[in-house]
Amino acid sequence: MNYEIVDPLRHRQLLRSCLELGRSRLGSVRMKKVLETLKLHRQRLLVVAHDEGGVAGFKLGYAERPGSFYSWLGAVAEAREGQGIGRRLMELQHQHLSENGYRLVRTGTRNQFRRMLILNLLSGFEVVGVRIKSGSAHIQLEKRLEPTSTEELDKQQSTGLK
């Protein structure tokens, strides 16, 4: 399995392949709407798992504000579930975010996507709220990220932050 971390607006064909997978797993995912949303944010990130069979999974998100990232869309191909792909995509995303100064990652899911909810909880996310969105509960989750560079650790120790 190959994993890539890219800017989705600079890799549109790869983004299109990911959104096709997303549409098959999540329902309505429209390229036009995704592009409009991504263009509103200067920092965007697409983490993709792929092999000779095509895209096996992805995670897509953007910076909401300095230090805070919203993990927006993601899916794993149904035939590839249970192989640790979703967990690895999340690990790579969080590692990249930590290395680039992010301290908080937020996401949301619906109760119908239980595998994603369980993965988020097992990966250190905490439920911080529930919104009613399109007539169904949308569970809001957050996770604090640990700094990975010694420079960041030194900065936190000298300012008393953690």
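Scroll up for the structure.
A short tour of the structure in this document, coming up. Just so it is clear, the model here is predicted, and its values are computed rather than measured.

So, how was this worked out
Residues numbered from 1 in each chain as written. Predicted model: local features only at pLDDT ≥ 70, side-chain atom pairs only at ≥ 80, totals over all residues. Heavy atoms only, no water. Pairing = 2+ DSSP bridges. Helix = DSSP H or I, 4+ residues; strand = E, 2+ residues; numbered from the N terminus. Buried < 20%, exposed > 50% of the residue type's maximum accessible area, 1.4 Å probe, protein only. Right-handed = clockwise from strand over helix to strand, strands pointing away. Contact = heavy atoms within 4.5 Å. Phe/Tyr/Trp six-rings, centres within 6.5 Å; stacked < 30°, edge-to-face > 60°. Salt bridge = Lys/Arg side-chain N within 4 Å of Asp/Glu carboxyl O. Axes fitted to C-alpha atoms, helices over the stretch in contact; angles between N-to-C directions. Parallel < 35°, antiparallel > 145°, perpendicular 65-115°, else oblique. Left-handed = near helix turned anticlockwise from the far one by under 90°. Nonpolar A, V, L, I, M, F, W, Y, C, P; charged D, E, K, R; others polar.

1. A closer look at the pairing of strand β7 (residues 136-144)
Here's step 1: Pairing between strand β5 (residues 104-110) and β7: 7 bridges, direction antiparallel. Bridging from a neighbouring strand, Arg-106 pairs with Glu-142 of β7.
Here's step 2: Sheet analysis places strand β6 (residues 126-133) next to β7, joined by 7 bridges and oriented antiparallel. Residue pairing across strands places Ile-132 opposite Ala-137, the latter belonging to β7.
Here's step 3: A loop of 2 residues connects β6 with β7, the two strands running antiparallel in sequence, and Ser-134 in this loop sits at a positive phi of about 55°.

2. Regarding the pairing of strand β4 (residues 68-76)
Here's step 1: Along β4, 8 of the 9 residues are buried, which leaves the element largely enclosed by surrounding structure.
Here's step 2: Between the end of strand β3 (residues 54-65) and the start of β4, which pair antiparallel, lie 2 residues, with Gly-67 showing a positive phi angle near 85°.
Here's step 3: In this structure, β4 lies alongside β5, joined through 4 bridges in parallel fashion. For Ser-71, the partnering residue across the bridge sits in β5 and is Thr-107.
Here's step 4: Handedness of the crossover joining β4 and β5 through helix α3 (residues 85-99) is recorded here as right-handed.

3. Structural notes on the environment of Gly-124
Here's step 1: When you line up the elements, Gly-124 lands in the loop between α4 (114-122) and β6.
Here's step 2: Dropping the residues within four chain positions of it, Gly-124 is found in contact with Glu-142 and Lys-143.

4. Some remarks on the packing of aromatic side chains
Here's step 1: On inspection of all chains with the given rule, the structure shows 3 aromatic pairs.
Here's step 2: Measuring from centroid to centroid gives 5.8 Å for Tyr-62 and Tyr-70, while their planes differ by 50°, and the two rings are tilted. As far as the burial class goes, Tyr-62 and Tyr-70 line up, both buried.
Here's step 3: Ring centres 5.7 Å apart and planes at 80° place the aromatic pair Phe-69 and Tyr-102 in the edge-to-face group. Within this pair, whereas Phe-69 is found in strand β4, its partner Tyr-102 is found in the loop between α3 and β5, the two being separated by 33 residues in sequence.
Here's step 4: Classification of Phe-69 as buried rests on a relative accessible area of 1%.
Here's step 5: Look at Tyr-102 and you get buried, because its relative accessible area is 10%.
Here's step 6: The rings of Tyr-62, Tyr-70 and Trp-72 are connected pair by pair, giving a single aromatic cluster.

5. Description of the pattern of salt bridges
Here's step 1: What the rule picks out here adds up to 6 salt bridges.
Here's step 2: Here Arg-80 makes a salt bridge to Asp-51, at a shortest N to O gap of 3.0 Å. Of the two residues, Arg-80 is situated in the loop between β4 and α3 and Asp-51 in strand β2 (residues 44-51); the sequence distance between them amounts to 29 residues.
Here's step 3: Judged by its relative accessible area of 18%, Asp-51 falls in the buried class.
Here's step 4: Salt bridges linked by common partners bring Arg-25, Glu-81 and Arg-115 together as one network.

6. Some words on the packing of helix α1 (residues 12-26) against helix α2 (residues 31-39)
Here's step 1: Look at α1 against α2: their axes get within 11 Å of each other, and the N-to-C directions meet at 125°. Taken as axis vectors, α1 and α2 run oblique relative to one another. Note on packing geometry: the crossing formed by α1 with α2 is right-handed. Where α1 approaches α2, its residues Arg-12, Leu-15, Arg-16 and Leu-19 are matched on the opposing element by Met-31, Val-34, Leu-35, Leu-38 and Lys-39.
Here's step 2: Of the residues that constitute the contact of α1 with α2, the class distribution is 6 nonpolar, no polar and 3 charged.

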